[in-house]
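Read off the chains here:
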Amino acid sequence: MSRTIDDMIRISFLFILLSLVGFSGQKLLAQQGSTLEINQADVLIGASGFERLVGNVKMKHQNSLISCDSAHFFRSENMARLFGNVQIKDVEDPIVTNSRYAEYDGNTKIAKLRNKVVFTNQETTLTTEFLDYNRETNVATYFNDGKVVDSVNVLTSKRGIYEINYERITFLEDVVLVNPDYTMKTGNLVYLTIPKTAETLGLTNLISKEGNTLDAQKGSFYDTQNKQFRFFDGIVETEDSRVKAMELFYDENLAYYEGKEDVRVLNKEQQTEVFGDEGKYWEDRKYSLVYGKSLVRRYFEKDTLFMTADTLISQDSEADTAKYLLAFKSIKLYKTDLSGLADSLLYNYSDSSIQLFQNPVLWNQKSQISADSMVFYIANENLDRVKMKDKAFAIMTDTLFNFNQMKGREMDGKFLEGQIQTLEVYGNAESLYFALEADTVNQGINKILSASIKMDFEDGAVRRANFSVRPDGKFTPVQLITEENSRLDGFQWRIEEKPTKETIDAWRKVEEIDPQQKNLFNEPDVRLLMPTEEEIQNQLKKSGLEPSKL
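Residues numbered from 1 in each chain as written. Predicted model: local features only at pLDDT ≥ 70, side-chain atom pairs only at ≥ 80, totals over all residues. Heavy atoms only, no water.

As for the overall build of the protein
Looking only at helices and strands, the protein features three helices and 36 strands. Relative to a compact globule of 550 residues, whose C-alpha radius of gyration would be 24 Å, the protein shows 42 Å and is clearly more extended. Among the 550 residues that make up the protein, the fraction classed as buried is 44%. Long-range contacts, defined as pairs at least 24 residues apart, comprise 39% of the intrachain contacts of the protein with a sequence gap of at least 6. Carbon and sulfur atoms make up 51% of the accessible area of the protein, which amounts to about 29200 Å² in all. Positive and negative charge centroids in the protein, built from 66 and 84 side chains respectively, lie 2 Å apart. (Helix = DSSP H or I, 4+ residues; strand = E, 2+ residues; numbered from the N terminus. Rg over C-alpha atoms; globule rule 2.2 N^0.38 Å. Buried < 20%, exposed > 50% of the residue type's maximum accessible area, 1.4 Å probe, protein only. Contact = heavy atoms within 4.5 Å. Areas by Shrake-Rupley, 256 points an atom, 1.4 Å probe, with all protein chains shown as cover. Lys, Arg positive; Asp, Glu negative; His and termini not counted. Charge placed at Lys NZ, Arg CZ, Asp CG, Glu CD.)

Next comes the structure, spelled out in structure tokens:
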């Protein structure tokens, strides 16, 4: 009797235990997702464990309506395989997916769609061949190529992740964005479908419908509706200009650029490039402002003119007379045969004239000229002529390194092959030059005062001198020459201040743009994979063409 009671107790305990286990399993199943429901099918074949649904199949899972031509329903696993004209429609969110085939797991809420997949969310449509859609997290993942289309853009990539709750799509590998205004290629892009903004990581290349290019080595940000772009280590190039900066902002509607860190603006027509720490450029006005250790390079066919300044302003309007470059503070000039110093400068593109202000100094091979202000002209890549105003002073060294000198209120100079050929002084003119015999023997010094003086030079030595009416002259023989009587008042030989290429490089060392930088538009759209030697031999064996061994 006691054994019977014990047996009954054991059976009751086992029943309770099994009931608890069953309840826990049902609870776990409920937590994972409710059961798939069959709403309609023309034909239903099978038992409760496995059912085959054929014709006009309609199923339901929570807020998702599922339809297809036929289905295999695994009730115990709460999973269905869907065949032909598959559609999964969300009754609460505007999300509809279509495909030829799909697998739907009611426990994990994951739909695996294959073959002609179309995923639609309002204005955004994603098409692919392979898509996994997690309804629990509202994340759709595609692989093996996909295309997203909205009202403005078409984006394609090898792989992608669509986060519906955030209206965010991450495109990975071989990404291409196309809209009516430009085409862009990159390897990694995050696109927000509501504001229609795109952010890229790494190399990014863009070509506009006008043929302009925008390239970024370290990623970019695009507001595709407002047509605003931000590039990192970026270059924007048009037919007329090229702009580069480590951080470059471009507003297409305003045709406005703004750059930070290592800014450079190239004017292709004028062959002039400006550099600085920060800069702004208005494309329509062709007006640029660059500041912070600024540098100018004026490119000639065989040489380059370098100029440093704190601030640069460049204007390149349609009118030739309004094409100029302004430079302020710390002006240093360098060219192979020319160097100079000034406080400020105006470069006129129309006549290649350069005006120097506030006590400028100019060195040209064997000469040094200075004045309160001056303007010089470049022709055929060489210094051609110069005009000096107020306190004009010229020093030329001859073959014996003597200092021939001229000074006056105003002075005009002409150059031949980079050397002073003629100097003409007006107003309180003074000259001091060494008389040489055969360019090798110093005979003495001629010092002349006159209203005006004109002198011709050859290799720094005086060859001819012309004076106005009644000049006042004095000759000092060589044995009586002293440092005091061999200098005009105001004489200063400032050769130690003469800028060199090293001076320019110390101010700003330019890292040249690599013309061979990788560009995704140069990559072939189709890659041909050549078979390996092993694959060739295996194929020969299969075809019976294996070469005989000797």
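Considerations on the pairing of strand β22 (residues 272-282)
Two elements, strand β21 (residues 256-267) and β22, share ten bridges in a ladder whose sense is antiparallel. The residue bridging Y257 from the neighbouring strand is Y281, located in β22. In sequence, β21 turns back onto β22 through a hairpin of four residues, with Q271 there showing a positive phi of about 55°. As judged from the nine bridges shared by β22 and strand β23 (residues 287-299), these two strands associate in the antiparallel manner. The partner of Y281 across the bridge, within β23, is S288. A loop of four residues connects β22 with β23, the two strands running antiparallel in sequence, and K286 in this loop sits at a positive phi of about 55°. (Pairing = 2+ DSSP bridges.)

With respect to unusual backbone geometry
Although it is not a glycine, N144 sits at a positive phi angle of roughly 60°. Residues other than glycine seldom take positive phi values, yet K286 does so here, at roughly 55°. Its relative accessible area of 21% is what places K286 among the partly exposed residues.

Here we look at the environment of Y347
Mapped onto the secondary structure, Y347 falls in strand β26 (residues 338-348). Sequence separation between Y347 and V375 is 28 residues, and the spatial gap between their C-alpha atoms is 9.3 Å. Those residues within four positions of Y347 in sequence are excluded, and the remaining contacts are R298, K323, Y324, L325, S352, S353 and I354. At 3.0 Å, the side chain of Y347 forms a polar contact with the side chain of R298. (Polar contact = N/O pair within 3.5 Å; in protein donor to acceptor, adjacent residues only side chain to side chain.)

What to know about the pairing of strand β4 (residues 64-74)
Of all eleven residues in β4, eight are buried, a share of seventy percent or more. Bridge count between strand β3 (residues 50-61) and β4: ten bridges; the pairing is antiparallel. By the bridge assignment, V54 is partnered in β4 with S70. As paired elements, β4 and strand β5 (residues 79-90) share nine bridges and run antiparallel to each other. Within β5, the position partnered with S64 by the bridge is D90. Hairpin connection, β4 to β5: the antiparallel pair is bridged by four residues, and N78 has positive phi, about 55°.

Focus on the nonpolar core
Judged by nonpolar contacts, the single largest core of 96 residues is most densely connected at L82 and F376. The biggest single contributor to this core is strand β31 (residues 382-397), with six residues. With residues near it in sequence (within four places) discarded, F376 still touches L333, L338, S352, S353, I354, L356, L362, L383, R385 and V386. (Core = buried A, V, L, I, M, F, W, Y, C linked by side-chain atoms within 4.5 Å.)

Section: the pattern of salt bridges
Think of it this way: side chains of opposite charge can pair up when their charged atoms draw near. Throughout the structure, instances matching the rule amount to 26 salt bridges. With a shortest N-O distance of 3.1 Å, R242 and E273 are connected by a salt bridge. Highlighted residues: R242 in strand β20 (residues 241-251) and E273 in strand β22, separated in sequence by 31 residues. With its nearest N and O atoms 3.6 Å apart, the salt bridge here joins D384 to R385. Residue classification places R385 among the partly exposed positions, given a relative accessible area of 34%. Linked by salt bridges that have partners in common, D262, R264, D277 and R508 make up one network. (Salt bridge = Lys/Arg side-chain N within 4 Å of Asp/Glu carboxyl O.)

A look at the environment of T532
Looking at the element boundaries, T532 is found in the loop between α2 (501-507) and α3 (533-542). The exposure class assigned to T532 is partly exposed, which follows from its relative accessible area of 42%. Here the alpha-carbon distance between T532 and N56, two residues 476 residues apart in the chain, equals 50 Å.

Remarks on the environment of D150
Structurally, D150 is set in the loop between β10 (146-149) and β11 (154-157). On the basis of relative accessibility, which here comes to 9%, the residue D150 falls in the buried class. Separated by 26 residues in sequence, D150 and T124 place their C-alpha atoms 4.5 Å apart. One polar contact links the side chain of D150 to the main-chain amide nitrogen of V152, over a distance of 2.9 Å.

Brief notes about the packing of aromatic side chains
This model, assessed by the stated rule, comprises 20 aromatic pairs. Arranged with centres 6.1 Å apart and planes meeting at 20°, the rings of F229 and Y250 form a pair that is stacked. Residue F229 is found in strand β19 (residues 228-237), and its partner Y250 is found in strand β20; the two are separated by 21 residues along the sequence. Following the ring pairs from residue to residue traces out a cluster consisting of Y182, Y222, F229, F231, Y250, Y257 and Y281. (Phe/Tyr/Trp six-rings, centres within 6.5 Å; stacked < 30°, edge-to-face > 60°.)

Notes on the confidence of the model for the protein
Low-pLDDT portions of the prediction should not be read for the details of their coordinates. Residues of the protein with pLDDT of at least 70 account for 90%, and the chain-wide mean is 85. Throughout residues 1-33 the model reports pLDDT below 50, and contacts reaching past four residues in sequence, or to other chains, amount to eleven contacts. (pLDDT = per-residue confidence, 0-100.)

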